[in-house]
Each structure stands twice: as C-alpha cells, then as structure tokens.
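If you want the building blocks of each chain, they are given just below.
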Amino acid sequence: MSSLFSVAGKRVLITGGSRGIGAMLAHGFVSHGAHVYLAARDSEACQATAAQLRTIGQATALRADLSTPEGVTGLAQQYETHEDTLDVLVNNAGATWGAPFDTYPSEAFEKVFNVNVTAPFLLTQALASALRQSASRSDPARVIMIGSIDGIRLPDFDSFAYSASKAALHQLTRHMAKALAKDAVTVNAIAPGYFPSKMTAFMFADEPELAQRIPLQRTGQPDDLAGIAVMLASRAGAYITGAVIPVDGGLATLL
C-alpha cells in the first residue's frame, strides 16, 4: 500500500502555493517525499512557506504573476531552469470577486477568468513538453486543477465570475484530459468545499454555524485535500482522468 500511494521523488509545481489550499497541498506532497516548487505572486510569502516546508523536505519558491500570458510564460521558464521534466502540475492559483448583480463590474470577469481559466490552460500548454518527458503509460504525468463546488452548485453569495469560471475550469479539465490522454498525461479536477483560507475567511466569519450546513457536520481540514491530491498523483490514481471530484463533506451532491 505504501508504494501504491507513493509520490516520493516526484517533482510537483503548485501555483498559488504560498497560502490557503496551495500551502495545504504543498505540505502534503513535501511530507510524502515529493520535491515541491511553489509559485505565488507574493515573493516574500512564497519564500516563507518554502522555508517552513524545507524543515520537513524539499521545497523551492518561484515568483509568478499568472494574471497575464507573459507571467505564465515566465513561470514555465523559471521552472525549466531547475528541472527538465515535471511529474505533477497543480493549477491552484485563483481569484474571486464579489458584488451585487446591479453593480457587478465587467472587469471582474476579465480578471477572474484570466487567473482561473486562461492561466491553467496556458501554463499546462507551456509545460506540456516537461510533462510528456516524465510520462509513461504505467505512470502518467498528472495535471490537477483546483476547481470548486461553486462550479457545481449555486453559491450562496454573489460571485458571478468566480462560480462561472470554476464551472468553465471543470469543463476545461475534461477537454484537456481528452487532448492529453494520448501523451500519457492525466488531467483531473478537485472541487473543494469549505476550507479555511484567505478567500473563504468572510464565510467563516459571517457564518459561525457553517459546519452545521454540511452533511458530514464539519468543514474541511488540510489532510482532506492533501489526501486526494496525493492519491491522484500516485500509482493509485494512474487510471483516472477527466474526473471532477468534490471534496466537500457531501455539500454539493447530498443537498
């Protein structure tokens, strides 16, 4: 079983890796023996997270602004100065924007879709050669998209661009999985529910009884996300592609 779920020695690039869900995933991969490259816009925060992770394993910080195509290309080039191949790409970096319907600005869609949809596509495209070089039929390279249950169910707050972008990312996951299957590269999405992060802090503050709305009666913990990500990246997940997996205590599917 230990070899079935092993990611030891794998090279993993995680965008938005300095905090929140990205940091949870990074800790999970590093603690299981992977060399994790963290990418984030805030260089100081990214370096600090990487330093913490180096107390338990291998971690390298990369600065990246994924809001533009040039920023995406720059991250791919930075990574390739360190490694020739890439085993796992985690497209986690995200943006959100909340506002009432009547005042929701058009620029919200441009910003949110650029980071949440366009950047994951362009970064995977830019790193496709590195992914293909590490891939084999028995041990594919992996792309893991971080979607959201808000792309599956209607959210409770006015985040029109965010929820639409996550639904688009789920469909993009399926589209890319089909395109890359011939190259032994799998593409799957994790759709988290309520996990504590900077992006969800307002929900935890405004709804102290948030856990009571979830069928499993609790909010998400870091191991809940790390576990599914490590599984998808290990031999246990080698035959899964094109899937969108809710990790939400049953919120999206049971209510």
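Please refer to the structure higher up on the page.
Residues numbered from 1 in each chain as written. Predicted model: local features only at pLDDT ≥ 70, side-chain atom pairs only at ≥ 80, totals over all residues. Heavy atoms only, no water.

Considerations on the overall build of the protein
Each helix and strand in the protein was counted, giving nine helices and seven strands. Computed over the C-alpha atoms, the radius of gyration of the protein is 17 Å, within 12% of the 18 Å expected from 2.2 N^0.38 for a compact globule of 255 residues. Each principal axis of the C-alpha distribution contributes one length, and for the protein these read about 50 × 40 × 35 Å. For the protein, the residues scored as buried account for 52% of the 255 residues in total. Here the protein contributes 19 positively and 22 negatively charged side chains, and the mean placements of these two sets differ by 8 Å. (Helix = DSSP H or I, 4+ residues; strand = E, 2+ residues; numbered from the N terminus. Rg over C-alpha atoms; globule rule 2.2 N^0.38 Å. Buried < 20%, exposed > 50% of the residue type's maximum accessible area, 1.4 Å probe, protein only. Lys, Arg positive; Asp, Glu negative; His and termini not counted. Charge placed at Lys NZ, Arg CZ, Asp CG, Glu CD.)

Re the pairing of strand 6 (residues 185-192)
Buried residues dominate strand 6, accounting for eight of its eight residues. Where strand 5 (residues 141-146) and strand 6 come together, six bridges link them in parallel fashion. Within strand 6, the position partnered with Ile144 by the bridge is Asn188. In this region the chain leaves strand 5, passes through helix 6 (residues 160-180) and returns to the parallel neighbour strand 6; the handedness of that crossover is right-handed. (Pairing = 2+ DSSP bridges. Right-handed = clockwise from strand over helix to strand, strands pointing away.)

Some points on unusual backbone geometry
The backbone of Ala184 sits at a positive phi, close to 60 degrees, despite the residue not being glycine. Mapped onto the fold, Ala184 is located in the loop between helix 6 and strand 6. Residue Ala184 is classed as buried on the basis of its relative accessible area, which comes to 8%. One non-glycine residue, Gln217, adopts positive backbone phi at about 65 degrees. Locating Gln217 in the fold gives a position in the loop between helix 7 (201-206) and helix 8 (222-233). The class of Gln217 is partly exposed, set by a relative accessible area of 43%.

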